[in-house]
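# Fold and contact review
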Amino acid sequence: MVDPLNHPAADRETAQAVVVEQDRRVVALTGWLTDAAVSAARDGRVLQILTPLRSQITYPLELFIDDGHAQWIVREDEERFRDGFTGEPLHWDGARFAAAGAPGPLVATGSESVEVQITTLHRAHASLQLGLSAEAAVQALTGGRPSGWGVAEPASEPWSPRELTRHCEQRAPNPSTVVLVGGQDSATAIGTIEVTRVQEGVRERLRLAGPAARAVGRAAIDQLAAAVAGNARSMLVATQPGRLDGLRWNKPNPPPLPHGILLGHRIVAEHGAEHARRAPAQVQLLGLDRRQAAWCSLTDDSRAPYEVLTDVLEHFGQSARE
């Protein structure tokens, strides 16, 4: 049974789902969608975002869905639907879009987007400034600077680390998540910054998707590692098939392929520089004395990158979720 519409963004509501149709080429993480997800979760329902076959979604919306806040439904024709990530066939069962078969085969695409995740642990003090890792990452991936940030897409505020920091301070101790965009006409980066108060201080987590991997040189990534080595707790660089300039196609693509990981100086200091040099990867120590970080290349002709990443994390006593 279809219930009366209680949320202005909803096109269909039932006891199990809130369905929002987005008939546009690019679907972004708007305030309407985040509010609809909160409303659905409050009632124990799922937000299902229904798009046509031609649609792409932005990286912030992709992260939002992947974090469990919603589901992406693609309409192939009037009678056929599928999951936008896995390709799993779906059907409307009267209460929600539900599974109707096995996921589709993985699709090899011609483009692979660079993906960067940087986690920084700050001491909580009056001169704290957020957003510096974002500036370094956008510069490395695109050759430009961040141009805007906001609580939803499109980013409504001109880029300002000071204003970003003020926004997060005003929301503390509640966590904050903002979107950011930057780059140049020929290369764009889109992502999110999550700021959370933790026992050790303030954790800032940047997740950024940029241009095609072939457009970002290895030297630029090495320079980014050196730029954030003094402050970052960790940085993971990967490539994601099926995404370009922060936009994701609705095909069942392989997972991201890791290429390098930086372990910050606090992690290295727990066991010392010599222990870091013995990590099962190509290791370069960045920084001086007790503030040395370990930049580990995960390229190995004899092992898959995920195997190398797992071994490196175990060597440093870290988990994949940190």
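Residues numbered from 1 in each chain as written. Predicted model: local features only at pLDDT ≥ 70, side-chain atom pairs only at ≥ 80, totals over all residues. Heavy atoms only, no water.

## Examining the environment of Thr120
Here Thr120 lies in strand β10 (residues 112-122). With a relative accessible area of 5%, Thr120 lands in the buried category. The sequence separation of Thr120 and Glu76 amounts to 44 residues, and the corresponding C-alpha distance is 42 Å. Discounting residues that sit within four places of it in the chain, Thr120 has contacts with Ser133, Val202, Arg203, Glu204, Asn231, Ala232 and Arg233. (Helix = DSSP H or I, 4+ residues; strand = E, 2+ residues; numbered from the N terminus. Buried < 20%, exposed > 50% of the residue type's maximum accessible area, 1.4 Å probe, protein only. Contact = heavy atoms within 4.5 Å.)

## Quick notes on helix α5 (residues 218-228)
Those residues of α5 that sit buried are Ala220, Ile221, Leu224, Ala225 and Val228. Take α5 and look down its axis: the buried residues cluster within an arc of 145 degrees, on one side only. (Arc of directions from axis to C-beta.)

## Points about the side chain of Glu115
Inspection of the secondary structure puts Glu115 in strand β10. Look at Glu115 and you get buried, because its relative accessible area is 7%. Those residues in contact with Glu115, other than ones at most four positions away along the chain, are Tyr59, Leu208, Leu236, Val237, Ala238, Gln240, Arg243 and Pro256.

## With respect to the environment of Ile118
Its place among the elements puts Ile118 in strand β10. Among the residues examined, Ile118 registers a relative accessible area of 0% and is labelled buried. Linking Ile118 and Ile261, residues 143 residues apart in sequence, is a C-alpha distance of 9.7 Å. Residues in contact with Ile118, not counting those within four places in the same chain, are Ser133, Ala137, Glu204, Arg205, Leu206, Val228, Ala232, Ser234 and Met235.

## Looking at the packing of helix α3 (residues 132-142) against α5
Across the interface, α3 lies against α5 with an axial gap of 9 Å and an inter-helix angle of 170 degrees. By the criterion of interaxial angle, the relationship of α3 to α5 is roughly antiparallel. Listed contacts from α5 to Ala136, Ala137, Ala140 and Leu141 of α3 are Ala220, Ile221, Leu224, Ala227 and Val228. When the residues that make up the contact of α3 with α5 are grouped by side-chain class, the tally is 9 nonpolar, no polar and no charged. (Axes fitted to C-alpha atoms, helices over the stretch in contact; angles between N-to-C directions. Parallel < 35°, antiparallel > 145°, perpendicular 65-115°, else oblique. Nonpolar A, V, L, I, M, F, W, Y, C, P; charged D, E, K, R; others polar.)

## A few points about the sheet that holds strand β17 (residues 243-244)
Within a beta sheet, neighbouring strands are joined by backbone hydrogen bonds and run either parallel or antiparallel to one another. What the 4 strands build is an open sheet, ordered β3-β5-β18-β17; its pairing is mixed. Looking at strand neighbours, the two that pair on one side only are β3 (26-27) and β17, the edges of this open sheet. As paired strands, strand β5 (residues 56-58) and strand β18 (residues 247-248) are joined by 2 bridges and run antiparallel to one another. Residue pairing in the sheet places Thr58 in a bridge with Leu247 of β18. Across the sheet, helix α2 (residues 59-69) touches β3, β5, β17 and β18, and the angle it forms with β5 is around 85 degrees. (Pairing = 2+ DSSP bridges.)

The quantities given are spatial measurements derived from coordinates; they are silent on function.
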